[in-house]
Every structure is written in structure tokens, then in C-alpha cells.
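# Geometric and topological summary
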Amino acid sequence: MRKVIDGKRYDTQTARELGVLGDTTLFIKVTGQFFLYQNNPHKWPTITPISWEQARAWAMGVLDHDDLVDQFGNPCRVCNKVKASTDNNYGKLCQTCEDMGYWVDKDGNTHAPDDK
Ligand SMILES: [Zn+2]
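Computed from a predicted structure; not experimentally measured. (Residues numbered from 1 in each chain as written. Predicted model: local features only at pLDDT ≥ 70, side-chain atom pairs only at ≥ 80, totals over all residues.)

### Thoughts on the nonpolar core
In terms of nonpolar packing, the biggest core is built from nine residues, these being Tyr10, Ala15, Leu18, Leu26, Phe27, Phe34, Phe35, Tyr37 and Ala55. When residues of this core are traced back to their parent elements, those giving at least two are β4 (24–28) and β5 (34–38). Residues within four places of Leu18 in sequence aside, it is in contact with Leu26, Phe27, Ile28, Ala59 and Gln71. Val78, Leu93, Cys94 and Cys97 belong to the second-largest nonpolar core, a separate cluster that totals five residues. (Core = buried A, V, L, I, M, F, W, Y, C linked by C-beta atoms within 7 Å. Buried ≥ 20, exposed ≤ 12 C-beta atoms within 10 Å, placed from the backbone. Helix = DSSP H or I, 4+ residues; strand = E, 2+ residues; numbered from the N terminus. Contact = placed C-beta atoms within 7 Å.)

See below:
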């Protein structure tokens, strides 16, 4: 299925399939944009562009841990939102939280800015 939404083209033939749950499939375009393709036999198929955060939340219930890390990296340990790192199994902090002063000690514990 192909569809243009807000001037961007979404094509289930050229995007990469990441996971399936019921009648919904998560795809990623080569540009990195995620979208959900819903193919319910009782409705028109739909394509819904979603953010990295939404895609990750959806995929958490579908992909196993390794695939999740491969695809999405580890989220920030403080805000749990922004992609922080793919090279560290324990996750890191996003730039925003680091800039706010959050920090991680050598044992991997997260500390608030006023923790010294
Ligand atoms: Zn953060």
C-alpha cells in the first residue's frame, strides 16, 4: 500500500517491516520515519506516521529485548524518551538530561543534578 501524508510518501513495499501485532504492522522508511500499517478486513487499510517514541512504545510489546535495542537503541535512563545509545546495554543519558546535570556513577546508578 502506498499513501502520501503531508507531502511524504509511505510505501509498505519499500519500507522495512519491524514487527506485527494482530492486524497492525510497524514499518520504518529508509529516512528513519516510522509508520503503522493497519489492515483490518472490516475497514479500509490505514497508514499512520508515528514518532520514534511511539514506535518504541509499540515495539516494546512486540519485539524481544535484543531486537528492541538493535532497532531503537537504549532510551535515556532519566526521561526514557530520547534515543541515547546503541553501544551500551545499560543505556545512557540523552543530551538534554546531561545538560540539566543528571549523571550516572560507575555502578550505573542515575543521580539527580543536586546529588553530589
Ligand atoms: Zn533524557
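There's more to say after this.
### Quick look at the sheet that holds strand β3 (residues 16–21)
With antiparallel pairing, four strands are arranged side by side in an open sheet as β3-β4-β5-β6. A strand with exactly one partner marks an edge of an open sheet, and here the two such strands are β3 and β6 (46–50). Averaged over all neighbouring strand pairs, the angle between strand axes comes to 25°, with direction disregarded. Here β3 runs beside β4; their pairing, made up of five bridges, is antiparallel. Bridging from a neighbouring strand, Val20 pairs with Thr25 of β4. Across the sheet, helix α1 (residues 52–60) lies against β3, β4, β5 and β6, angled at about 135° from β4, the strand it touches most. (Pairing = 2+ DSSP bridges. Axes fitted to C-alpha atoms, helices over the stretch in contact; angles between N-to-C directions.)

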